[in-house]
Amino acid sequence: VRGAAEAALSRFEEDLGARVKALQCKVEDARADVASARGVLEKSRLFAGQLEEAKRALETEKSRVNTRGEELARCREQLEASARRVEELKKQQSEMEVDLARWGEVDELFGKKGLQNFVYEVAVLELQQRAARYLERLSDDSLRLELRVEGQVVGR
């Protein structure tokens with residue numbers, strides 16, 4: 001009975017280890033995506049600032065060179081295109097901030113205080129329940145086992 005219990009426990013631990021490794025890979029991928037999103041977000045912020053500076057410079061030039069109608073019309077078109085681009089970038093920035101917040105939530109959920117902790121607690125509870133059943137059978141319910149995770153009592 002003990003050998004079967006140890007074998008079952010060993011298989012359970014291997015399965016749990018594989019699951020934890022898979023989740024850790026997903027978390028690392030999510031963290032890389034978050035870092036990438038942050039870089040893109042910073043670039044879009046920088047570009048938006050540069051674009052605002054360009055708009056101001058264009059307005060200054062328009063006021064100085066008011067005699068060239070054709071050139072002025074071309075500059076207006078560029079300004080409008082730039083304004084549309086700014087709006088697109090602001091929309092992208094907003095979407096990226098939402099994505100960044102979501103990735104932050106994913107990071108938290110798959111981090112040490114999230115899913116990993118839950119998996120460990122469930123595993124410890126399962127181990128404790130199985131051990132209690134075996135101890136009950138082996139000792140006529142005279143032995144008890146208590147397992148803890150990070151100093152907290154998981155169950156009795």
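Residues numbered from 1 in each chain as written. Predicted model: local features only at pLDDT ≥ 70, side-chain atom pairs only at ≥ 80, totals over all residues. Heavy atoms only, no water.

**Focus on the nonpolar core**
- In this structure, Leu 16, Val 20, Leu 23, Val 119 and Ala 123 together form the largest nonpolar core, which totals five residues.
- Mapped by element, the contributors of at least two residues to this core are helix 1 (2–64) and helix 3 (115–139).
- It is helix 1 that contributes the most residues to this core, three residues altogether.
- Setting aside residues up to four positions removed in sequence, Val 20 forms contacts with Val 119 and Tyr 120. (Core = buried A, V, L, I, M, F, W, Y, C linked by side-chain atoms within 4.5 Å. Buried < 20%, exposed > 50% of the residue type's maximum accessible area, 1.4 Å probe, protein only. Helix = DSSP H or I, 4+ residues; strand = E, 2+ residues; numbered from the N terminus. Contact = heavy atoms within 4.5 Å.)

**Side note on the layout of surface pockets**
- Space inside the largest pocket adds up to approximately 280 Å³.
- Ala 5, Glu 6, Leu 9, Ala 131 and Tyr 134 are the residues nearest the centre of the largest pocket, which is lined by 13 residues in total.
- Of all the elements in the fold, those that place two or more residues in the lining of the largest pocket are helix 1 and helix 3.
- Ranked by residues supplied to the lining of the largest pocket, first place goes to helix 3 with six residues.
- The residue inventory of the lining of the largest pocket, partitioned by class, reads ten nonpolar, no polar and three charged. (1 Å grid on protein atoms, 1.4 Å probe; cavity = no way out; pocket = protein on both sides within 12 Å on 5 of 7 lines; lining within 4 Å. Points joined across faces, edges and corners; volume = space filled by probe spheres on them. Nonpolar A, V, L, I, M, F, W, Y, C, P; charged D, E, K, R; others polar.)

**Overview of the packing of helix 1 against helix 2 (residues 69–109)**
- Packing of helix 1 against helix 2 brings their axes to within 8 Å, and their N-to-C directions diverge by 155°. Here helix 1 is positioned roughly antiparallel relative to helix 2, judged by the angle of their axes. Where helix 1 crosses over helix 2, the handedness of that crossing is left-handed.
- Looking at the contact of helix 1 with helix 2 residue by residue, the classes come out as 18 nonpolar, four polar and twelve charged. (Axes fitted to C-alpha atoms, helices over the stretch in contact; angles between N-to-C directions. Parallel < 35°, antiparallel > 145°, perpendicular 65-115°, else oblique. Left-handed = near helix turned anticlockwise from the far one by under 90°.)

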